[in-house]
Amino acid sequence: MKPCFQEDGRRSFLKKSTALVAMYLTPSVFVKAFAVDTIVPMPIPKEKLTITINGKKLNLEIDARTTLLNLLREELAFTGTKKGCEMGQCGACTIHINGKRTKSCMQLALTHQNNKITTIEGLSEGEKLHPMQAAFIKHDAFQCGYCTSGQIMSAVTCVREGNAKSRASIQAYMDTNICRCGAYQNIVDAIAEVAKTGVKI
Amino acid sequence: MKSNNNTIFWEDERVDGADKVNGKAKYAAEHSLPNMAYAVFVTSSIAKGTIKNIDTSKALAMPGVLDVIYYANCPSVLGYISNAAERPKNAMEWRGHKVLHDNKVRFFGQPIALVVADSFESANAAIRFVKAEYASESFETNFDKARLDTKNLKINSNYKRGTEKKFKEAFAFVESEFNIPIEVHNAMELFATIAHWEGEDKVTLYDKTQGPKSTQFTVSRTFGIPDKNVRVIAENVGGAFGSGLRSWANVPAACIAAKKLNRPVKLVLTRPQMFSLVGYRPQSWQKLGIGADAAGNFVGISHEAITNTSRYEDFREGIVDASKFLYACENVDTKYNLLPLDLSTPVWMRGPGEASGCFALESAIDELSYKLKMDPIELRLKNYTTINPENKLPFSDINLKDCYAYGKNKIGWKNRPTVPGSLKENGMLIGYGMAVGIFGAGKGSASVRIVLSNDGKLLLECGVSDMGPGTTTAMTILASEAMQMPIQKIKFKLGDSDLPPGPSQGGSGTTSTVGSAVDLACKTLQQKLKEIAIKSAPLFAGMNAEVLEVKNEMVISKSDANIKMAIVDLLKLANQDKIDLTITSNGKTAAQLKFTSNSFSAHFVKLGVNPKDGTIKILQVVTTGDAGKIISPKTARSQMLGGVVGGIGMALSEKLEIDHKTGQIINASFGGYHVPLHSHIPPTDVWFVNKPDHNINDIGAKGIGEIALIGLAAAITNAVYNATGKRVRDLPITPEKLGFKSKQSL
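Predicted model only: the values in this text are computed from it and were never measured.

Q: Before we go on, may I ask you to explain the pairing of strand β22 (residues 490–493) of chain B in this structure?
A: On any regular strand, side chains alternate: one points to one face of the sheet, the next to the other face. All names here are of chain B. What you see with β22 is a clean split: Ile490 and Phe492 sit on the buried side and Lys491 and Lys493 on the side with no burial. Here 4 bridges tie strand β21 (residues 458–461) to β22, and the two strands are oriented parallel to one another. What sits directly across from Leu459, in β22, is Lys491. What joins β21 to β22 is helix α12 (residues 471–483), and the crossover it makes is right-handed.

Given below as structure tokens:
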């Protein structure tokens, strides 16, 4: 059964990518153990990670199984990045990795040695809001606020990468980010306004 | 922006907006406590039966795993004792599935064990090694099949006025069946609870709930401890849409684990668990008959409905209620039965009852309008009533006529083809449709603490929550207007059960209930200020409180504006560092009970259907609300926009799919359960009548959360009929239902 929404490519991509990443996220030590159905208790695999988050270089020792999302939220208290599905389907966990928007729930933290991460907390300068954050407030582009961080991170790259040429192109780019409260129209209004001002973001 | 004597009282923005755009707003799972452990549910892989054994040894051997809690090692919980005689008086029986308590499986995906570890990774890695052995039993999850056998039905309620099935004698009538599948709230924030026992009988919870006070009550009764020893914090709630109106398995499970391990425990549900553990809109079957005379006057309405519930709890909603009183009609009969299935229990979902009921009623009226060759808006106007025909009480206010007039003009109703399927634009079949929504407008009791400090700042507190509609903003605006002082000096605090008791946020009642308390608190404070002025300031000596007013942060004489004193100076003069009052506003007064109070909406849709593949593109929506005075225009508009998005999902895509051979939900993810995305949303206009309804409360405001969605799905199916001549009565509308072969499976 095909739903009446006119675009479907994104969904089927999501489903395939989800299955792949799920396999990837199962560390090989356990896959092996699981195959023979015997578990040998072993220490939690700890690995060193050097990563820059919001301009600050960190040297960490982390559980090898940790996703970037859980590293941010549980270990480093960057709770502005949200957990919505852990399947790469909702976009609430969107961050920038070396300037590119990425769903952090789909990334093993260890694969990001020496990468530069920007989270929602890194967009504003102290109390001074980023123009996209200010536009989201002006257009009331959220209700509960839970998908907002991800929407804003996507919105910034939407404008930066030149995808904010029309409402339709903004919508297509932003289809990666679900808002269940239904603030979509206001989100597009906010993005269109920031794009129109031409301010470098 | 609003001004008075050049003083700006409030900016037209969300007062908590900055925290939500910069990531500072904290939701339940985002609190961190020292020595906190992480818990993850293991869920059943059968739909019904008994667990014979759970092998936890492998999971326990995994690194970092602290415990696996299940029925065999679960500490006793007073509220789990079924026998009232054995249960202590301070405990109340837990409603619903008693998680981790017994070895019964009642639905597929039911939590059967809880893995607790020192990190999320360790807990998550261990769940797959918890092995359960079951003795399966036969089960039924197939609503469509089970409802056909009347033995399966539980009679819930019947209603009749006038003659039963009178519609069949009318000049023209329709009788149709409507099916709505299970829909799931799927708020973006995952349900989460952090439980921290600070003593043997004292617990603090960070919880995703629409009611901090109701969760406090549930937890105190379940564990048999005093209310004051349970603190529930929910400062921010990432959407809930009704799913947070009761406590689910995550609440007792987190409390049990935290107590057993003697350390704080964080339990976060997964997205798939959000489909089966926190309620849903029940599946429904409805049969609606409606008939009218040649002039269009309704002769009779018969409305029958069945909704599903679980085997272990009855959940009912007002699915047939709107048919009793939305339109003038002498002969109305309704029947409502429940169908227990081997699924988890449903719960209120945005527009509970009426969203399903109005889909049937408003579709049938549209159908009838074609039979009568009458414009559907004219038909509704013909049967317009200002008196509730069920209880004969007048509506406190009703302005649906204004909604019709505005929406008709704005959507371009004059372009609507009278012959379905006859209008084409850009290669698409074009259709126009409209439908009405209605929901009760309540007013309950709430307490508010108001604190005016001698630095001129005003603090208000109430133990309600804000899941997104903008309660904090609306309450701050109300206080700003009542006190005639700038919004920047006002703070409204909510989301904590330690604050004065407020209602759960639900049923579109928060603004009316808490707003009335805020208004009363401000008026009480003003009276107090006047009394202090007369007593302490020589300027006002001997004056009567009636001749004074409080505005612009001053106490001023009404007759001579030169006789005035700043509030801060007054407090200093009176040697008071603050005024601290807690007031309670009660439910409806006797005068208010002489009315039926409702909010109303009318939605107008223009859409195009692709004649090649049957896909639908919504081109424009005009949504209008009749809900008294709009306190916070910007957030209210957003709420209406959100209702449209929810309604589009209900109409075009949302459907929970169950494999009836296993009882398993097979589309428990956003990849399988489609909610509307950016691209699916058309330009939408929002309009409010915005006329105070003082018959319900002093502030004149009613709720809009439900009416924003109720009726929207019918407006869309009515427009699809107008575009194609095909009447879809089973949601969601797919190309298949319009006679097209689906191009590909999902």
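After that view, the rundown keeps rolling.
Q: Can you walk me through the domain arrangement of chain B in this structure?
A: A common measure of how large an interface is: the accessible area buried when the components associate. All names here are of chain B. Each domain of chain B was delimited in the assignment, giving domain 1 (33–46 + 48–137 + 186–274), domain 2 (284–442 + 593–738) and domain 3 (443–587). Put simply, the middle of domain 2 and the middle of domain 3, counted by C-alpha atoms, are 39 Å apart. Taken residue by residue, the interface counts 19 residues in domain 2 and 19 residues in domain 3. A breakdown of the residues in the side of domain 2 that touches domain 3 according to their chemical character gives 8 nonpolar, 8 polar and 3 charged.

Q: What am I meant to see in the sheet that holds strand β4 (residues 49–55) of chain B here?
A: Strands in a sheet are paired, the pairing made by backbone hydrogen bonds, and the direction either parallel or antiparallel. All names here are of chain B. Reading across from one edge, β6-β4-β8 is the order of the 3 strands in this open sheet, with antiparallel pairing throughout. Each edge of the open sheet carries a strand with a single partner, namely β6 (104–105) and β8 (131–136). As paired strands, β4 and β6 are joined by 2 bridges and run antiparallel to one another. Following the sheet pairing, Thr50 is matched in β6 by Lys104.

Q: Whenever I open this one, the interface of chain B and chain A confuses me. Can you help?
A: Taken together, the contacts link 72 residues of chain B with 65 residues of chain A. Only α1 (17–21), α3 (120–126), β28 (616–626) and α15 (633–652) of chain B provide two or more residues apiece to the side of chain B that touches chain A. When residues in the side of chain B that touches chain A are grouped by element, the largest group, 9 residues, is from α15 of chain B.

Q: Hey, could you run me through the environment of Ile648 of chain B in this one?
A: Residue and element names in this part refer to chain B. Following the sequence through the fold, Ile648 ends up in helix α15. On the basis of neighbour count, Ile648 is assigned to the buried category, with 30 C-beta atoms found within 10 Å. Among all residues touching Ile648, those that are not within four sequence positions of it are Ile618, Pro676 and His680.

Q: Is there a simple way to explain unusual backbone geometry in this structure?
A: Backbone phi values are negative for most residues with the exception of glycine, while trans is the configuration of most peptide bonds. Residues and elements named next belong to chain B. With an omega dihedral of -10°, the bond running from Leu731 to Pro732 counts as a cis peptide bond. With respect to the element layout, Pro732 can be found in the segment after α16 (712–724). For Phe241, which is not a glycine, the phi torsion comes out positive at approximately 60°. With respect to the helices, strands and loops of the structure, Phe241 is situated in the loop between β13 (230–233) and α6 (250–261). Of note in the backbone geometry, Asn575 takes a positive phi value of approximately 60° without being a glycine. Residue position: Asn575 is located in the loop between α14 (567–573) and β26 (578–585). Take Asn575: there are 8 C-beta atoms within 10 Å of it, and that puts it in the exposed class.

Q: Please clarify how the environment of Ser559 of chain B should be interpreted in this entry.
A: Residues and elements named next belong to chain B. Summarising the element assignment, Ser559 is placed in the loop between β24 (554–557) and β25 (564–566). By C-beta crowding, Ser559 is classed as exposed, having 9 other C-beta atoms within 10 Å. Counting along the chain gives 10 residues from Ser559 to Glu549, while the straight-line C-alpha distance between them is 10.0 Å.

Q: So what exactly am I meant to see when it comes to the nonpolar core here?
A: When a protein is soluble and globular, its nonpolar side chains tend to lie buried together. One finds Ile191 of chain A together with Ala39, Val115, Val116, Ala254 and Ala479 of chain B to be the most contacted residues of the largest nonpolar core, which totals 289 residues. When neighbours within four sequence positions are excluded, Ala39 of chain B is seen to be in contact with Leu114, Val115, Val116, Ala123, Ala253, Ala254, Ala257, Val265, Lys266 and Leu267 of chain B.

Q: Explain helix α4 (residues 131–138) of chain A here, please?
A: Note that an α-helix has 3.6 residues per turn; residues three or four places apart therefore point the same way. Buried within α4 of chain A are the following residues: Met132, Gln133, Ala135, Phe136 and Ile137 of chain A. Where α4 of chain A is buried, its residues meet α5 (148–160) and α7 (184–197) of chain A together with α1 of chain B. One or two steps after α4 of chain A, the chain reaches Asp140 of chain A, where phi turns positive at roughly 50°.

Q: What's the story with the packing of α12 of chain B against helix α13 (residues 510–536) of chain B in this structure? I'm lost.
A: When two helices pack together, their arrangement is given by the angle between their axes and by how far apart the axes lie. All names here are of chain B. It is at 9 Å that the axes of α12 and α13 come closest, and there the two elements cross at 30°. Classified by the angle their axes make, α12 and α13 are roughly parallel. Read as a crossing pair, α12 and α13 show a hand that is right-handed. Note on element contacts: α13 touches α12 through Thr510, Thr511, Val514, Gly515, Val518, Asp519, Cys522 and Lys523, opposite Thr471, Ala474, Met475, Leu478, Ala479, Ala482 and Met483. Among the residues forming the contact of α12 with α13, the class breakdown is 9 nonpolar, 4 polar and 2 charged.

Q: Is there a simple way to explain the sheet that holds β24 of chain B in this structure?
A: All names here are of chain B. Read across the sheet, 3 strands follow the order β23-β24-β25 without closing on themselves; strand pairing throughout is antiparallel. Either end of the sheet is taken by a strand with one partner, and the two such strands are β23 (548–551) and β25. Between one strand axis and the next, the sheet turns by 20° as a mean value, whatever way the strands run. As paired elements, β23 and β24 share 4 bridges and run antiparallel to each other.

Q: Can you help me understand the domain arrangement of chain A in this one?
A: Residues and elements named next belong to chain A. Partitioning chain A into domains gives domain 1 (46–120) and domain 2 (131–197). Distance from the C-alpha centre of domain 1 to the C-alpha centre of domain 2: 22 Å. At the interface, 14 residues of domain 1 touch 11 residues of domain 2. For the side of domain 1 that touches domain 2, the secondary structure elements donating two or more residues are β3 (94–97) and β4 (100–103). Looking at the side of domain 1 that touches domain 2, the element that brings in the most residues is β3, giving 3 residues. Across the side of domain 1 that touches domain 2, the residue classes tally to 5 nonpolar, 6 polar and 3 charged.

Q: For this particular structure, what's the right way to read the packing of α4 of chain A against α5 of chain A?
A: Residues and elements named next belong to chain A. Packing of α4 against α5 brings their axes to within 10 Å, and their N-to-C directions diverge by 125°. For the element pair α4 / α5, the angle class is oblique. The two elements α4 and α5 meet at a crossing, and its hand is right-handed. Residues Met132, Gln133 and Phe136 of α4 touch α5, and the partners they reach there are Thr148, Ile152, Ala155 and Val156.

Q: Is there a simple way to think about the pairing of strand β27 (residues 598–609) of chain B in this case?
A: Residue and element names in this part refer to chain B. Among the 12 residues in β27, 12 count as buried, and that is most of the element. Judged by which residues are buried, β27 turns out to be covered on both faces: Asn598, Phe600, Ala602, Phe604, Lys606 and Gly608 on one side and Ser599, Ser601, His603, Val605, Leu607 and Val609 on the other are all buried. As judged from the 12 bridges shared by strand β19 (residues 428–440) and β27, these two strands associate in the antiparallel manner. Directly across from Gly437, in β27, lies its bridge partner Ser601. Pairing between β27 and β28: 10 bridges, direction antiparallel. Paired with His603 across the strands is Thr623, a residue of β28.

Reading the values: the criteria
- Residues numbered from 1 in each chain as written.
- Chains lettered and ligands numbered in written order.
- Predicted model: local features only at pLDDT ≥ 70, side-chain atom pairs only at ≥ 80, totals over all residues.
- Buried ≥ 20, exposed ≤ 12 C-beta atoms within 10 Å, placed from the backbone.
- Helix = DSSP H or I, 4+ residues; strand = E, 2+ residues; numbered from the N terminus.
- Pairing = 2+ DSSP bridges.
- Right-handed = clockwise from strand over helix to strand, strands pointing away.
- Domains from an automatic or database assignment.
- Contact = placed C-beta atoms within 7 Å.
- Nonpolar A, V, L, I, M, F, W, Y, C, P; charged D, E, K, R; others polar.
- Core = buried A, V, L, I, M, F, W, Y, C linked by C-beta atoms within 7 Å.
- Axes fitted to C-alpha atoms, helices over the stretch in contact; angles between N-to-C directions.
- Parallel < 35°, antiparallel > 145°, perpendicular 65-115°, else oblique.
- Left-handed = near helix turned anticlockwise from the far one by under 90°.

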